[in-house]
Amino acid sequence: MNWLFPLSKGSGSAAAGAPLPPLTSLQQQKQRQIESVSSLFDSIAEIQKDVEYRLPFTVNNVTININILLPPQFPQEKPVISVFPPVRHHLMDKQGVYVTSPLISNFTMHSDLGKIIQSILDEFWKNPPVLVSSSTSFPYLYSKPPGMPPYAPQAFPFLPPYPPQEASRPLAPVPVPEPIRPSYAAEKPAAPSYGLIEDLPLPVPTAEAALQVGQNGFTYKMPDVPDTFPELSELSISQLTNMNEQEEVLLEQFVNLPQLKQVITDRDELVTSIEELAKKNLLLEPSLEAKRQTVLDKYEQLTQMKAAFEKKMQRQHELSESCSPSALQARLKVAAHEAEEESDTIAEDFLEGKTEIDDFLSSFMEKRTLCHCRRAKEEKLQQAIAMHSQFHAPL
């Protein structure tokens, strides 16, 4: 079944021939806002008509979904914009779920929702967000802003499904001191208190805690606790009464259980293996420190090479600017003017009788020729610059 609905003006039309009820002013404004979003983004998906829409986008090879939730009185009420998975960005809240951009906070009936979403995407592309969680469920499955009508989560052909795993997991009735935030997993209850026998190395395992998994992935199978203890069946009633009344006797009997001895043995073996692993890690410290120093030296070398590169880039930019067509044209114009002034000076000296005719002819013709050559080159360069400006092509 395809849950991806195309967004169009006629998507909500009734059966052929049936009259449509007139839209209120608020509904018309809502439709205009929705059409503003759908006209800008072809990949937007309609989760629930006029209520929720989802827009996927990819940045830095990571696909992030923008969820747009429209309240009942939208656009009089501002929309709720969230992202999944949670990201760290200056437009997001501390949990990385809801967009707190001023464009959303200051949303009014005259705002354009499509342009607001486009500005948020532009900011995400300009400053890519960073993922902060690996949750596999969409946040609105657990935390929907108040006042929103109920809706069912639906799958899409172009997105991986978001199975509500935590919602279907049977939970034991454990008292919780305060409400659990939806963006975090439920906290485990504290270990039960054992009253008089507080010096046990590990608490007595329960059926739910028989298999314990640590943060580093280590799995430990707790020994099975029998329903009955044959050792107690051999004791008389007076011995059992004495054990029940004397804590020391009860504790001694409990410590001698083979299951507890097995746990203590496993604990000692685990501690020994951890100590051996720590010693091996300490032996690797010199090699790690040497590699760290190598990285620091490489980084220092990189910094120096970067500074030298930037200096050469600046020099190359200066040379490029000095050889630009406009700079060459200005220099040719100045050089032609200088050659013309020098030829005029030679002519004045000849008229005043300061130079001979042969010297005048050779020097005057040379300067005039140089002046006309420079003017011709300057005119051709000016024509090339004008043609470049006309066709916007690289010179």
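Residues numbered from 1 in each chain as written. Predicted model: local features only at pLDDT ≥ 70, side-chain atom pairs only at ≥ 80, totals over all residues. Heavy atoms only, no water.

Quick notes on the overall build of the chain
Thought 1: When helices and strands are tallied, the chain shows 11 helices and eight strands.
Thought 2: A burial count over the chain gives 24% of its 395 residues as buried.
Thought 3: Across the chain, every contact between residues at least 6 apart in sequence was considered, and the portion connecting residues at least 24 apart equals 58%.
Thought 4: Split by element, the accessible area of the chain, about 28,300 Å² in all, is 58% carbon and sulfur. (Helix = DSSP H or I, 4+ residues; strand = E, 2+ residues; numbered from the N terminus. Buried < 20%, exposed > 50% of the residue type's maximum accessible area, 1.4 Å probe, protein only. Contact = heavy atoms within 4.5 Å. Areas by Shrake-Rupley, 256 points an atom, 1.4 Å probe, with all protein chains shown as cover.)

A closer look at the pairing of strand E2 (residues 52-59)
Thought 1: Taking burial as the measure, the eight residues of E2 include seven buried ones, the bulk of the element.
Thought 2: Examined bridge by bridge, strand E1 (residues 45-48) and E2 share three bridges and lie antiparallel to one another. Opposite Glu 46, over in E2, you have Tyr 53 as the bridge partner.
Thought 3: Hairpin connection from E1 to E2: three residues lie between these consecutive antiparallel strands, with Asp 50 at a positive phi of about 65°. (Pairing = 2+ DSSP bridges.)

Brief notes about the packing of aromatic side chains
Thought 1: Summed over all chains, the structure comprises five aromatic pairs.
Thought 2: Ring geometry for Phe 74 and Phe 107: centres 5.6 Å apart, planes at 20°, overall stacked. Of the two residues, Phe 74 is situated in the loop between strand E3 (62-69) and strand E4 (80-84) and Phe 107 in the loop between helix H2 (102-105) and helix H3 (113-126); the sequence distance between them amounts to 33 residues.
Thought 3: By relative accessible area, which is 0% here, Phe 74 ends up buried.
Thought 4: For the ring pair Phe 350 and Phe 360, a centre distance of 4.2 Å and an interplane angle of 10° mean the geometry is stacked. (Phe/Tyr/Trp six-rings, centres within 6.5 Å; stacked < 30°, edge-to-face > 60°.)

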